[in-house]
Amino acid sequence: MSDCAPPNRVDEESAQVTQPRRPLIEDFPAHPDGDPGDALARAVRERRTTLGLSVADLAKRAALTEAQIHTIEAGHATPTLPLLTTLSEALRSA
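1. Here's the deal with the nonpolar core
Within soluble globular proteins, side chains that are nonpolar generally end up buried alongside one another.
Point 1. In terms of nonpolar packing, the biggest core is built from 14 residues, with V44, I72 and L87 touching the most fellow members.
Point 2. Elements with a contribution of two residues or more to this core: α1 (36–50), α2 (55–62), α3 (66–73) and α4 (81–90).
Point 3. The element best represented in this core is α2, accounting for four residues.

Written as structure tokens, this is what we have:
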């Protein structure tokens, strides 16, 4: 289990221990026309600012260039599995 994972919760009605639910793509509001690049842009920008990271900080953590981060946050990147994995690892809490 990861150090930064939230603790297990106990469902008081059933007295069972439940694992915290990880966010799903459905948890992030999609762009009205369903553009996944725009949804990724909002999610990355929101998480980066929540962590207090600059574009340069995120670029360094993700081993990407600042221009690539700007492209992602502008909604012009295709959210591929390798890109999502890279961003996910870079945007874990500091």
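2. What about the pattern of salt bridges?
Point 1. Overall, the coordinates contain two salt bridges when judged by the stated rule.
Point 2. Taking the shortest distance from any N to any O, the salt bridge between D38 and R42 comes out at 2.5 Å. Placement of the pair is D38 and R42 together in helix α1, with a separation of four residues, close to one helical turn.
Point 3. Among the salt bridges present, the one from E73 reaches R48, with a minimum N-O distance of 2.6 Å. Linking E73 in helix α3 with R48 in helix α1, this pair joins segments that are 25 residues apart in sequence.

3. A short note on the packing of α2 against α3
Point 1. Contact geometry of α2 with α3 gives a least axis separation of 8 Å together with a crossing angle of 105°. Taken together, α2 and α3 sit at an angle that is classed as roughly perpendicular. When α2 is examined against α3, the residues V55, A56, L58 and A59 are found in contact with a partner set consisting of E66, I69, H70 and E73.
Point 2. When grouped by side-chain class, the residues that make up the contact of α2 with α3 number five nonpolar, one polar and two charged.

What counts and what doesn't
Residues numbered from 1 in each chain as written. Predicted model: local features only at pLDDT ≥ 70, side-chain atom pairs only at ≥ 80, totals over all residues. Heavy atoms only, no water. Core = buried A, V, L, I, M, F, W, Y, C linked by side-chain atoms within 4.5 Å. Buried < 20%, exposed > 50% of the residue type's maximum accessible area, 1.4 Å probe, protein only. Helix = DSSP H or I, 4+ residues; strand = E, 2+ residues; numbered from the N terminus. Salt bridge = Lys/Arg side-chain N within 4 Å of Asp/Glu carboxyl O. Axes fitted to C-alpha atoms, helices over the stretch in contact; angles between N-to-C directions. Parallel < 35°, antiparallel > 145°, perpendicular 65-115°, else oblique. Contact = heavy atoms within 4.5 Å. Nonpolar A, V, L, I, M, F, W, Y, C, P; charged D, E, K, R; others polar.

Keep in mind these numbers describe shape, not what the thing actually does.
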